[in-house]
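# Secondary and tertiary structure notes
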Amino acid sequence: VYDLATGEVVGQVRTASRVLKAADWAPDGRWVLVAGDDDQPTLWDAAAAGTTTQYEEVGPYSAGGAWSPDSQRVAVTDAFDQRVLIIDPTGAVDDEELSIAEDEKLEAAAWSPAGDRLAAVGYGGTVFVWDVTTGGRSSGEAPAGGTNGP
């Protein structure tokens, strides 16, 4: 991690992965999520002198994740287990799992601006949407290449 004002290295995240695919800062700037091809996702706590936590319950080949707008949760896609894990980086709340029954590998996730819904896209072009307040999945799955509606 570089300080853009000085060009100095201010932190470094080490993982066992040789190929890193994703890095995502939490909106509050405290955490960085790093994910790769042969490693479980790793959270780097920039506020606590670079402490890292590796999430072994997420299988290898995690495609990455997305932070909730309030930085309280991160949604991590697990491509081969057809699920999204919602993780509280502080450990104060148990992790939550959102699964799909379809044979679809999940590639990416995104939160709604209000933080009440989560969308995940699969390799096959389907978008899955959950209401994270209830854990229920929306019945309105649409092809990723569909039309833009109102």
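Rules of the game
Within every chain, residues take consecutive numbers counted from 1 along the sequence as written. Local features in this predicted model are restricted to residues whose pLDDT is 70 or higher, and side-chain atom pairs enter the listing and the counts only when it is 80 or higher, whereas totals over whole chains, interfaces and linings include all residues. To get the side-chain values, take all heavy atoms of the structure and skip hydrogens and water. Each helix corresponds to a stretch of at least 4 residues labelled H or I by DSSP, and each strand to a stretch of at least 2 residues labelled E; elements are numbered beginning at the N terminus. For the exposure calls, accessible area comes from a 1.4 Å probe over protein chains only, and a residue counts as buried if that area is under 20% of its type's maximum, exposed if over 50%, partly exposed in between. Any two residues whose heavy atoms approach within 4.5 Å at even a single point are treated as in contact. Classification of ring pairs rests on two measures: the distance between centres of Phe, Tyr or Trp rings, Trp counted by its six-membered ring, which must be within 6.5 Å, and the angle between planes, read as stacked under 30 degrees, edge-to-face over 60 and tilted in between. Each salt bridge in this description consists of a side-chain nitrogen of Lys or Arg and a carboxyl oxygen of Asp or Glu lying within 4 Å of one another. Patches draw on residues past 30% relative accessible area with no salt bridge. Two like charges within 9 Å are joined, as are two nonpolar side chains (Val, Leu, Ile, Met, Phe, Trp, Tyr) within 5 Å. Note on areas: Shrake-Rupley with a 1.4 Å probe; residue coverage comes only from the protein chains shown. pLDDT is a per-residue confidence score from the predictor, ranging from 0 to 100. Within this scheme, the nonpolar core is defined by two criteria: the residues are buried Ala, Val, Leu, Ile, Met, Phe, Trp, Tyr or Cys, and they are joined through side-chain atoms within 4.5 Å.

This paragraph deals with the overall build of the protein chain. From N to C terminus, the protein chain includes 0 helices and 13 strands. Put simply, the protein chain runs from its N terminus to its C terminus through helices and strands in the order β-β-β-β-β-β-β-β-β-β-β-β-β. Counting only residues that meet the buried cut, the protein chain has 36% of its 150 residues in that class. Nonlocal contacts in the protein chain, meaning residues at least 24 apart in sequence, comprise 31% of its contacts between residues at least 6 apart.

Looking now at the packing of aromatic side chains. Under the definition given, this model contains 2 aromatic pairs. Look at Trp25 and Trp44: their rings are 6.3 Å apart centre to centre, the planes differ by 70°, and that puts the pair in the edge-to-face class. With Trp25 in strand β1 (residues 20–25) and Trp44 in strand β3 (residues 42–45), this pair connects stretches of sequence that are 19 residues apart. Classification of Trp25 as partly exposed rests on a relative accessible area of 43%. By relative accessible area, which is 5% here, Trp44 ends up buried.

Okay, the pattern of salt bridges next. Under the defined criterion, the tally for this structure stands at 2 salt bridges. When the shortest N-O distance is used, the salt bridge between Arg30 and Asp45 registers 2.8 Å. Linking Arg30 in the loop between β1 and β2 (31–36) with Asp45 in strand β3, this pair joins segments that are 15 residues apart in sequence. Exposure remark for Arg30: the relative accessible area of 32% places this residue in the partly exposed category. Across the pair Asp116 and Arg117 runs a salt bridge, and its minimum N-O distance is 4.0 Å. Judged by its relative accessible area of 46%, Arg117 falls in the partly exposed class.

Of all 5 residues that make up strand β7 (residues 83–87), 5 are buried, and the element is covered over most of its length. Across the two faces of β7 the burial is the same, with Arg83, Leu85 and Ile87 and Val84 and Ile86 all buried.

As a further point, take unusual backbone geometry. Generally, phi is negative for residues other than glycine and the peptide bonds are trans, each holding for most cases. For Ser71, which is not glycine, the phi torsion reads 65° and is therefore positive. Using a relative accessible area of 4% as the deciding quantity, one classes Ser71 as buried.

The next thing to look at is a nonpolar patch on the surface. On the surface, Val1, Val10 and Trp25 cluster together into a nonpolar patch covering about 270 Å² of accessible area. Given a relative accessible area of 31%, Val1 falls into the partly exposed group.

Summary statistics for the protein chain give a mean pLDDT of 76 and a share of 72% for residues scoring 70 or more. Low pLDDT, under 50, characterises residues 146–150; the stretch is placed with 0 contacts to residues that sit more than four places away or in other chains.

This brings us to the nonpolar core. One finds Ala75, Val84, Ile86, Leu98, Trp111, Leu118 and Trp130 to be the most contacted residues of the largest nonpolar core, which totals 14 residues. Elements with a contribution of two residues or more to this core: β7, β9 (106–111), β10 (117–122) and β11 (126–131). For this core, the element with the most residues is β9, which contributes 3 residues. Look past the residues within four positions of Ile86 in its chain and what remains in contact with it is Arg73, Val74, Ala75, Asp95, Glu96, Leu98, Trp111, Leu118 and Val132. Core analysis: the next-biggest nonpolar cluster, separate from the first, contains 9 residues, Ala26, Trp67, Val74 and Ile87 among them.

The next thing to look at is the environment of Pro89. Looking at the element boundaries, Pro89 is found in the loop between β7 and β8 (96–99). For Pro89, a relative accessible area of 10% gives the class buried. Distance in space between the C-alpha atoms of Pro89 and Thr53 is 8.5 Å, their sequence separation being 36 residues.

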